[in-house]
Amino acid sequence: MRARYVPILLAVIVLFVFGCDKLTKYGEKKMSIKKQAFGKTADGKDVDLYTLTNANGLKTEIMTYGGIVRTLEVPDRDGNLGDIVLGYDSLDKYIENNPYFGALVGRCGNRIAKGKFTLNGVEYTLATNNGPNHLHGGVKGFDKVVWDAEPMEDETTSVGLKLTYLSKDGEEGYPGNLKCTVIYTLTNDNELKVSYEAETDKTTVINLTHHSYFNLGGHGSGDILGHELMLTADNFTPVDEGLIPTGEIKPVKGTLMDFTRPMPIGARIAQVKGGYDHNFVLNNSGGSLALAASVYEPNTGRVMEISTTEPAIQFYSGNFLDGSNKGKGAVYNKHNGFCLETQHFPDAPNKPGFPSIVLKPGDKYTHLTVHKFSAK
Ligand code: BGC
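Residues numbered from 1 in each chain as written. Predicted model: local features only at pLDDT ≥ 70, side-chain atom pairs only at ≥ 80, totals over all residues. Heavy atoms only, no water.

1. Looking at the overall build of the protein
Helix and strand counts for the protein come out as two helices and 29 strands. Taken over the C-alpha trace, the protein has a radius of gyration of 22 Å; the compact-globule value for 376 residues is 21 Å, and the two agree within 12%. With respect to the three principal axes, the spread of C-alpha positions in the protein is 90 × 50 × 40 Å. Counting all 376 residues of the protein, 53% fall into the buried class. Of all intrachain contacts in the protein linking residues separated by at least 6 positions in sequence, the fraction that spans at least 24 positions is 65%. For the protein, the exposed area adds up to about 16400 Å²; of that, 52% sits on carbon and sulfur atoms. On the protein, the mean spot of the 39 positive side-chain charges and the mean spot of the 43 negative ones are 3 Å from each other. (Helix = DSSP H or I, 4+ residues; strand = E, 2+ residues; numbered from the N terminus. Rg over C-alpha atoms; globule rule 2.2 N^0.38 Å. Buried < 20%, exposed > 50% of the residue type's maximum accessible area, 1.4 Å probe, protein only. Contact = heavy atoms within 4.5 Å. Areas by Shrake-Rupley, 256 points an atom, 1.4 Å probe, with all protein chains shown as cover. Lys, Arg positive; Asp, Glu negative; His and termini not counted. Charge placed at Lys NZ, Arg CZ, Asp CG, Glu CD.)

2. Considering the site of the ligand
Neighbouring the ligand are Pro99, Tyr100, Arg111, His136, His211, Tyr213, Leu243, Asp277, Gln314, Tyr316, Phe320 and Glu341. Here His211 contributes a side-chain N or O atom positioned 2.8 Å from an oxygen atom of the ligand. One of the side-chain N or O atoms of Glu341 is found 2.7 Å from an oxygen atom in the ligand. Burial of the ligand by the surrounding chains reaches 94%, relative to a free accessible area of 310 Å². For the shell around the ligand, the class distribution of residues is six nonpolar, three polar and three charged. (Near = heavy atom within 4 Å. Polar contact = N/O pair within 3.5 Å; in protein donor to acceptor, adjacent residues only side chain to side chain. Nonpolar A, V, L, I, M, F, W, Y, C, P; charged D, E, K, R; others polar.)

3. Considerations on the sheet that holds strand β4 (residues 69-75)
In spatial order, the strands read β1-β2-β3-β4-β5; together these five strands make up an open sheet with antiparallel pairing. Edge positions in the open sheet fall to β1 (32-40) and β5 (81-83), since each of these has one partner strand only. The mean inter-strand angle of the sheet, taken between neighbouring strand axes irrespective of direction, is 20°. Pairing geometry for strand β2 (residues 46-53) and strand β3 (residues 59-63), over five bridges, is antiparallel. Counted as the bridge partner of Leu52 is Thr60 from β3. (Pairing = 2+ DSSP bridges. Axes fitted to C-alpha atoms, helices over the stretch in contact; angles between N-to-C directions.)

4. Some points on the packing of aromatic side chains
Enumeration over the complete set of coordinates arrives at 16 aromatic pairs. Between Tyr213 and Tyr316 the ring centres are 6.0 Å apart and the planes differ by 80°, which places this aromatic pair in the edge-to-face class. With a gap of 103 residues between them, Tyr213 in the loop between β16 (209-211) and β17 (228-231) and Tyr316 in strand β24 (residues 312-316) connect regions that are remote in the sequence. Accessibility assignment for this pair places Tyr213 and Tyr316 in one class, buried. Residues Phe259 and Phe315 carry aromatic rings whose centres are separated by 5.7 Å and whose planes lie at 80° to one another, so their mutual orientation is edge-to-face. With Phe259 in the loop between β19 (250-251) and β20 (263-264) and Phe315 in strand β24, this pair connects stretches of sequence that are 56 residues apart. Each of the two residues, Phe259 as well as Phe315, counts as buried. Against the face of Phe259 rests Arg268, its NZ or CZ located 4.9 Å from the ring centre. (Phe/Tyr/Trp six-rings, centres within 6.5 Å; stacked < 30°, edge-to-face > 60°. Lys NZ or Arg CZ within 6 Å of the ring centre and 35° of its normal.)

5. Here we look at the confidence of the model for the protein
Scored by pLDDT, the protein comes out at a mean of 93, with 92% of its residues at no less than 70. Scored below 50 in pLDDT, residues 12-28 makes twelve contacts in the model with residues more than four places away or belonging to other chains. (pLDDT = per-residue confidence, 0-100.)

6. A word on the pattern of salt bridges
Once the charged atoms of two side chains with opposite charge are near each other, the side chains can pair. As enumerated under the stated definition, the model contains eleven salt bridges in all. Across the pair Asp169 and Lys202 runs a salt bridge, and its minimum N-O distance is 3.0 Å. On the criterion of sequence distance, the pair formed by Asp169 in the loop between β12 (158-167) and β13 (178-187) and Lys202 in the loop between β14 (191-200) and β15 (204-205) is long-range, its members being 33 residues apart. Looking at Asp169, the relative accessible area reads 37%, which means it is partly exposed. The residue Lys250 makes a salt bridge to Glu248 at a minimum N-O spacing of 3.6 Å. (Salt bridge = Lys/Arg side-chain N within 4 Å of Asp/Glu carboxyl O.)

7. Points about the nonpolar core
With 58 residues, the main nonpolar core has Leu72, Trp147, Leu231, Phe280, Phe315, Phe338 and Leu340 as its most contacted residues. Of all the elements, β13 adds the most residues to this core, at five residues. For Phe315, the contacting residues outside a window of four places in its chain are Leu229, Phe259, Ile265, Tyr276, Asp277, His278, Phe280, Phe338, Cys339 and Leu340. One finds Leu49, Met63, Tyr65 and Ala330 within the second-largest nonpolar core, a separate group that totals 18 residues. (Core = buried A, V, L, I, M, F, W, Y, C linked by side-chain atoms within 4.5 Å.)

8. Concerning the state of the cysteines
As enumerated under the stated definition, the model contains zero disulfides in all. Considering cysteine sulfurs only, Cys180 is the nearest to Cys108, which forms no disulfide, with 11 Å between them. A disulfide-free cysteine, Cys339 has its sulfur positioned 18 Å from the sulfur of Cys108, the nearest such atom. (Disulfide = S-S within 2.5 Å.)

Structure below.
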């Protein structure tokens, strides 16, 4: 062979080997979903824990109990993986006392005043579990039931877990048998997608959401006050003492609620009575996927961007964490995690001015939320 062809041949060999390595990493080698037993509920139901890993090594563990995201490992700016969600070690701890860490929340996330609403002239009374009000689906919401699970292994760009649950007519006071499907997908673009669908056989109300407490510095790294938050929300819904919306929709401009430009969570929190626990009205009024929030943690460089098809997002700054929640080797104190719950507005069934959360037979409830992780 002529000497001048040698570099070309070498280049071809290098390209081939590198290309194959990439293909193996992305297509077959690292992307996986594994199942392990994770205990039993008091009524003897088996609970499983699924570990989803994408081609870049991002990893999440999801339980069939409550559809709970127990861990979520994403890289910092140096490529080091860190677990960025609060959680517990054992199923028993989740059953004992879980402030909705990582959970799927339903049939209606957030509050319904006095647990009452009227549909087609019939008054319904829901379970009350937050003073006089109904919160996050009631005494036994979707966060406390065991979901059926089916791994979705046959994809090439993502790995997923499909969860299904049938909420029976009358459960926690809600009308109608509600068939719910939630699919968690971990993509090779470093996204965690949560996609919801539901159908009912009787007119009902529905407002599903996901309730991870995030700390992008790592779940045991202290408070989240230095995280910079941006919300694409020019308006919010003011609340009364019991955190029930007054029914008004007010501009954030000139208030402590203005996150339209990135702002450290702690910058004004001392002036917000009780801390942030507010529903922000997204500028995209729902239906299509649009950016809702972006969060940056300066020490690790981690960034989380949340896009959603929902019209609102609850920003909760972990105000009720008090050190009694201990998990995964850490103690969670006040403001050690924050939630960004994509949703319809709280107390919508009693507020005619808010977008409706009524679901009728024959119609389909859909909701997609995407959490995209990167570092800078
Ligand atoms: C609510 C808080 C509530 C918390 C429960 C949040 O979604 O907005 O008011 O205390 O969930 O952990």
